[in-house]
Amino acid sequence: MVEIELDGKKVEVAEGSMVMHAADKAGTYIPHFCYHKKLSIAANCRMCLVEVEKAPKALPACATPVTQGMVVRTKSDKAIKAQQSVMEFLLINHPLDCPICDQGGECQLQDLAVGYGASSSRYGEEKRVVPHKDVGPLISMEEMTRCIHCTRCVRFGQEIAGIMELGMVNRGEHAEITTVVGDTVDSELSGNVIDLCPVGALTSKPFRYSARTWELSRRKSVSPHDSTGANLIVQVKNHRVMRVVPFENEEVNECWLADRDRFSYEALNGEERLTRPMLKQGGQWQEVDWQTALEYVANGLQCVKKDHGADAIGALVSPHSTLEELYLAGRLVRGLGSDNIDHRLRHADFTPADGVRWLGMPIAALSNLQSVLVVGSNLRKDHPLFAQRIRQSVRTGAAVAAINSVAYDWAMPVAHTLLAPASGWADQLASVAAAVAAERGVAAPVAGVEANDDARAVASLLLGGERKAILLGNGAAHHAQASQLLALAQWLGEQTGAQVGYLTEAANTVGAQFVGAQPQQQGLHAGQMLQGGLKAALLLNTEPVLDSASGAAAAQALAGVDMVVTLSPFKANMEFSDVLLPIAPFTETSGTFVNAEGRVQSFHAAARPLGETRPGWKVLRVLANLMGIEGVAYETSQDVLAAATGQAAGALAQLPAERLSNRTGVPAAAVAAGGVDEPVVASIYQLDSLVRRAPSLQLTADARAARGEGATA
């Protein structure tokens, strides 16, 4: 530790820290533009100039290392004059268009110009103008004349996103930020440059000219998409969601968001929103009141139970639903006498698990791994923020290996990739296990499997270092041999000391397992229910044609069901449903998600429900009441949460460790041979009903590539 004097106060910081870090620790604000705590130091804006005793001129606080006994003054005349001079230069070419700038009201340059700028400019020559650029549907670069060349966006691409899509070209007055890889910015994390830009040069294209920052109310929330559970701030105007920005949480998403977390809100205001209950009568859809719709559903379910038995009733539930909705769906189905409920819609192996499948480590630990083997995942697109953390590990020397059907571009160096069709993944893992067994002098888990050179390289990677992990992706979880893959990964973990975990697919995959949203006894699993095993089906937040492994066959199976009830915020499943009940999306209801590490995160509604939309948990509770199911008279979502977790609402921040387990009793030797289809995995912008209906996301290169309209990185 090094002690310095900062504005008369003693501050102790770690050796190698910069003056800026000492100021942060002391709570002293030093004006800056280019410095950002998550990016490398560039020291090119010079706004953070401070006076250092015995230094002949002011020095940049972000790039000046502390030394023992250093005396720093951030508010002396020398420092202030230096900062004012820098501000004068920054404003030479900057347009005076604050009244029409989208950044107005939340602009660092605007704020600091008040404190450090002059009332008029001494620069009378012609100002430079930078041509507009169209870089895609998400980011607006139409006002790059405002750019002050802080290079935050460039460094973000290099260091966090892993691909330098923006760069600086030319020199001096002609320097400008532009695309350097292609004509567009296509990273799945690209929206973060909007937050990073300290001026109005890079702004949100979907949000552009729609509201001023001071007109927006704000409410903390949680992303309903992948299993990161990214923390959000939902910004609302006139009960309409206008923008989503990150809420900083170092343990979860740091200060970043994936683009689907940031821009999927567009679907909330789309034309496909369902705002009133609807019944299909004589093949025609009619809007009805809630009482009519709920009584129709209750009577229909009672008739099916009477005519065909309770086992003919089932529920297919989305793991993107809240914990409260999933719990009450289970109470409803089981209250009718059935155990047919499942959230594992894209799975092909339904072997009962010993516990709740999870990441196997804290999310933050992904940033400090020394070696990692990823099985069956397009990591960068399936879990953008997990990929970003593993990219941090790689930057500090970690080695990454993969077993996949395709050599995906993860925007990071991958030391070894074992390529094989899905039917060969177990063989590849068995080969790595054979190499580990040979190295450790133990019996291999699968007899007769030889280790090739690539397998030996991966084994060496797993045997070295201390912090290591074997991560099973969506492809491995949805695989027909998922149990065998887990058994082999478990054996490897035991032999190498690596943590074994599932990346997990959705916002509430872990929570769905925890509240029993899958058969507990002898109920039908999702695959059986979608093969025509039901007479009445409840579809919660899901579109089986798009969300299940059955695909188009799901529509045929459900068309033969006597009653199909869809609970969704959207007009979904209309070709085979009999009833549509409008339930609130995550922004219009309170609820809870449990992320991949088992972190329990509750949130409140940010906007008023649209039309006659009702929270899903309330709809399920009323249905249960109408059918005489006891013990579900909950008044609030907190009451439901307390019942689901067995603890007072808010008391459970992390799922109990004894419930979390990636162990399996399936023997590692039981590897079936060949004949396995590729697992069904959703592409990045087809994951759930929200992202599928977000217009800007569907215009991205990733979405077009998934539709076969062009290639992407």
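No experiment lies behind these values; they were computed from the predicted model shown. Numbering of residues starts from 1 in every chain and runs along the sequence as written. Confidence filtering applies because this is a predicted model: local features only for residues at pLDDT of at least 70, side-chain atom pairs given and counted only at 80 or more, and all residues used for totals across whole chains, interfaces and linings. Heavy atoms throughout the structure, all of them, feed into the side-chain values; hydrogens and water do not.

*Asks:* How do you make sense of helix α18 (residues 552–559) when you look at a structure like this?
*Replies:* Three or four residues apart is the spacing at which side chains of an α-helix point the same way, because the helix has 3.6 residues per turn. Looking at α18, one finds that the buried residues are A554, A555, A557 and L558. Each buried residue of α18 sits inside an arc of 165 degrees when the element is viewed along its axis, so together they form one side. Exposed residues pointing more than 90 degrees away from the buried face of α18 are listed as A552, Q556 and A559. Note on contacts: a residue pair qualifies if any of its non-hydrogen atoms lie within 4.5 Å across the two residues. Working definition: helices are DSSP H or I runs of at least four residues, strands are E runs of at least two. Numbering for both runs from the N terminus. Looking at the buried positions of α18, the neighbouring elements they touch are β23 (536–540), α17 (544–547) and β24 (563–568). A simple rule labels every residue: compare its accessible area, found with a 1.4 Å probe on the protein chains alone, to the largest value its type can have, and call it buried under 20%, exposed over 50%, or partly exposed in between. In this context, the arc is that of the directions from the helix axis out to the C-beta atoms.

*Asks:* Teacher, can you tell me more about helix α1 (residues 19–26) here?
*Replies:* Within α1, the full set of buried residues consists of V19, M20, A22 and A23. In a view along the axis of α1, the buried residues occupy a sector of 160 degrees, so they form one face of it. Where α1 is buried, its residues meet β1 (2–6), β2 (9–13), β3 (49–52) and β5 (71–73). Looking one or two residues beyond α1, the residue adopting positive phi is G27, at roughly 80 degrees.

*Asks:* When you look at the sheet that holds strand β13 (residues 240–246) in this model, what are you seeing that I'm missing?
*Replies:* Whether parallel or antiparallel, the strands of a sheet pair through hydrogen bonds between backbone atoms. What makes two strands pair is DSSP finding at least two bridges between them. On the basis of which strands lie adjacent, the open sheet formed by 3 strands has the order β11-β12-β13 and antiparallel pairing. Edge positions in the open sheet fall to β11 (217–222) and β13, since each of these has one partner strand only. Sheet twist, expressed as the mean angle between neighbouring strand axes with direction ignored, is 30 degrees. Note that strand β12 (residues 231–237) and β13 share 6 bridges and pair antiparallel. Paired with Q235 across the bridge in β13 is R243. Helix axes are fitted to C-alpha atoms over the stretch in contact, other axes to C-alpha atoms as well, and angles between N-to-C directions run from 0 to 180 degrees.

*Asks:* Whenever I open this one, the domain arrangement of the protein chain confuses me. Can you help?
*Replies:* Where interface size is given, it is often the accessible area lost as the parts come together that is meant. We note that the domain assignment places domain 1 (2–92), domain 2 (122–269), domain 3 (278–345 + 537–655) and domain 4 (363–503 + 661–681) within the protein chain. The split into domains, and so the bounds of each, comes from an automatic or database assignment of domains. For domain 1 and domain 3, the distance between their C-alpha centres works out to 56 Å.

*Asks:* What's the story with the pairing of strand β27 (residues 600–603) in this structure? I'm lost.
*Replies:* In terms of strand pairing, strand β26 (residues 591–594) meets β27 through 4 bridges, oriented antiparallel. Within the sheet, the bridge partner assigned to T592 lies in β27 and is S602.

*Asks:* Would you explain the nonpolar core in this entry?
*Replies:* General note: in soluble globular proteins, nonpolar side chains tend to be found buried as a group. Counting residues in hydrophobic clusters, the biggest one holds 76 residues, and the most contacted among them are F33, M47, I139, M144, F156, L202 and V241. For this core, the secondary-structure elements that each account for two or more residues are α2 (77–90), α3 (108–116), β7 (139–141), α4 (152–161), α5 (192–196), β12, β13 and α21 (689–692). Beyond its immediate stretch of four places on either side in the chain, F33 contacts C45, M47, M87, L90, Q108, L109, L112, I148, C150, R152 and P198. Residues enter a nonpolar core if they are buried and are Ala, Val, Leu, Ile, Met, Phe, Trp, Tyr or Cys, with the set joined through side-chain atoms within 4.5 Å.

*Asks:* Would you take a moment to explain the environment of L567 for this structure?
*Replies:* Within the secondary structure, L567 is located in strand β24. With a relative accessible area of 1%, L567 lands in the buried category. Between the alpha carbons of L567 and T542 there is a distance of 8.1 Å; along the sequence they are 25 residues apart. For L567, the contacting residues outside a window of four places in its chain are L538, L539, L540, N541, L581, I583, V619 and L620.

*Asks:* What am I meant to see in the UniProt feature "domain: 4Fe-4S His(Cys)3-ligated-type" (unreviewed entry) in the protein chain here?
*Replies:* UniProt positions are given in the numbering used here, feature names are shortened, and annotations may be inferred rather than shown by experiment. Annotation from UniProt places "domain: 4Fe-4S His(Cys)3-ligated-type" (unreviewed entry) at residues 78–117. Each end of residues 78–117 is marked by a C-alpha atom, and these two atoms are 16 Å apart; helix forms 55% of the span and strand 0%.

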